Amino acid sequence: MNRFLIFFLLLGLKTSAQFNEKGNLYYEETIKLHGKSTQEIKEKLHEWLLSEFEQSNIKASKNTENEMIVDITSGVDIKQGSASIPMDIYFGILSNFKDNELSIQLSHIDIGPTQTPVKINFPDFEAFKSEIQETVDRLSGEAKAKNQAILDDEKKMKSIYERGLQNHDQMLTAVKSYIRRLVERLKVYMK
């Protein structure tokens, strides 16, 4: 019975989000756009990006005739207990376009000030510390020193871990909902 329940739960997840081999959240879909040329699709996607996000939160890393890659910074509200906490969300959008079709992939979906990857499962304590250490290693200056001090304090880290464990499900639900709504707005705009 439990196997069937897990299968149906995973089947439901697949329609709105997927998880890679490391358990990281991503989204991938091909959108049919009948009667639209490659150039029209590319221009419309560019317009949508500018209407959806502040220009300072869009960083293009590739822009060719058939492909666009952008890194996005945005915001999402995460429910923690009875409070709603605004958090930054970071992700890449890889888009490929050809006549009548737009393929998009949202990947490298990270959240919060430490840009922690959004995962299906919350890691065990040692893996959690290791992931935070990787993030801290990418920082510099005062931010790196402050975060390293927290990481070196076992008691603080256990407290942070426990809060993270409690809030993981709400965070995952909020991020998946954000991605689903974002893609729906894209589909409406592109039609």
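Residues numbered from 1 in each chain as written. Predicted model: local features only at pLDDT ≥ 70, side-chain atom pairs only at ≥ 80, totals over all residues. Heavy atoms only, no water.

Enquirer: Quick rundown of the confidence of the model for the protein chain? Include the residues and the values.
Expert: With 92% of its residues at a pLDDT of 70 or more, the protein chain has an overall mean of 87. Mean pLDDT across the elements of the protein chain ranges from a minimum in helix 1 (residues 2-14), with 36, to a maximum in helix 2 (residues 38-52), with 95. Contacts for the low-pLDDT stretch residues 1-15, under 50 throughout, to residues beyond four places or in other chains number four contacts. (pLDDT = per-residue confidence, 0-100. Helix = DSSP H or I, 4+ residues; strand = E, 2+ residues; numbered from the N terminus. Contact = heavy atoms within 4.5 Å.)

Enquirer: Got a sec to walk through the pattern of salt bridges? Specific residues and values, please.
Expert: One pass over the structure, following the stated rule, counts ten salt bridges. For the salt bridge of K32 with E101, the shortest nitrogen-to-oxygen distance reads 2.5 Å. Of this pair, K32 sits in strand 2 (residues 25-32) while E101 sits in strand 6 (residues 101-111); the two residues are 69 residues apart in sequence, bridging distant segments of the chain. Overall, the relative accessible area of 44% leaves K32 in the partly exposed class. The salt bridge partner of K119 is E131, with a shortest N-O separation of 4.0 Å. Of this pair, K119 sits in the loop between strand 7 (116-117) and helix 3 (125-138) while E131 sits in helix 3, and the two are twelve residues apart along the sequence. Three or more residues joined by partner-sharing salt bridges are found here, namely E29, E184 and K187. (Salt bridge = Lys/Arg side-chain N within 4 Å of Asp/Glu carboxyl O. Buried < 20%, exposed > 50% of the residue type's maximum accessible area, 1.4 Å probe, protein only.)

Enquirer: Could you give me a rundown of the nonpolar core, with the residues and numbers involved?
Expert: Membership of the largest hydrophobic core comes to 36 residues, with the highest contact counts inside it found for L49, F91, L102 and V175. Top contributing element to this core by residue count: helix 5 (residues 154-190), with ten residues. The contacts of L102, once residues within four sequence positions are left out, are E29, T30, I31, L33, I41, L45, S95, N96, F97, L186 and M190. In terms of nonpolar packing, the next biggest core, distinct from the first, is built from seven residues, I132, L151, M157 and Y161 among them. (Core = buried A, V, L, I, M, F, W, Y, C linked by side-chain atoms within 4.5 Å.)

Enquirer: Any details on the packing of aromatic side chains? Residues and values, ideally.
Expert: Aromatic rings in a pair are described by how distant their centres are and how their planes are angled relative to each other. Tallied over the entire structure, the rule returns seven aromatic pairs. Here the aromatic rings of F125 and Y161 are separated by 5.4 Å at their centres, their planes lie at 80°, and the arrangement is edge-to-face. A residue pair is termed long-range when its members are at least 10 positions apart, and F125 in helix 3 and Y161 in helix 5 qualify at 36 residues. Classification of F125 by relative accessible area gives buried; the value is 14%. With relative accessibility at 10%, the residue Y161 sits in the buried group. Of the aromatic side chains, those joined through ring pairs into one cluster are W48, F53, F91 and Y178. Here K44 stacks its cationic end above the ring of Y189, 4.7 Å away from the centre of that ring. (Phe/Tyr/Trp six-rings, centres within 6.5 Å; stacked < 30°, edge-to-face > 60°. Lys NZ or Arg CZ within 6 Å of the ring centre and 35° of its normal.)

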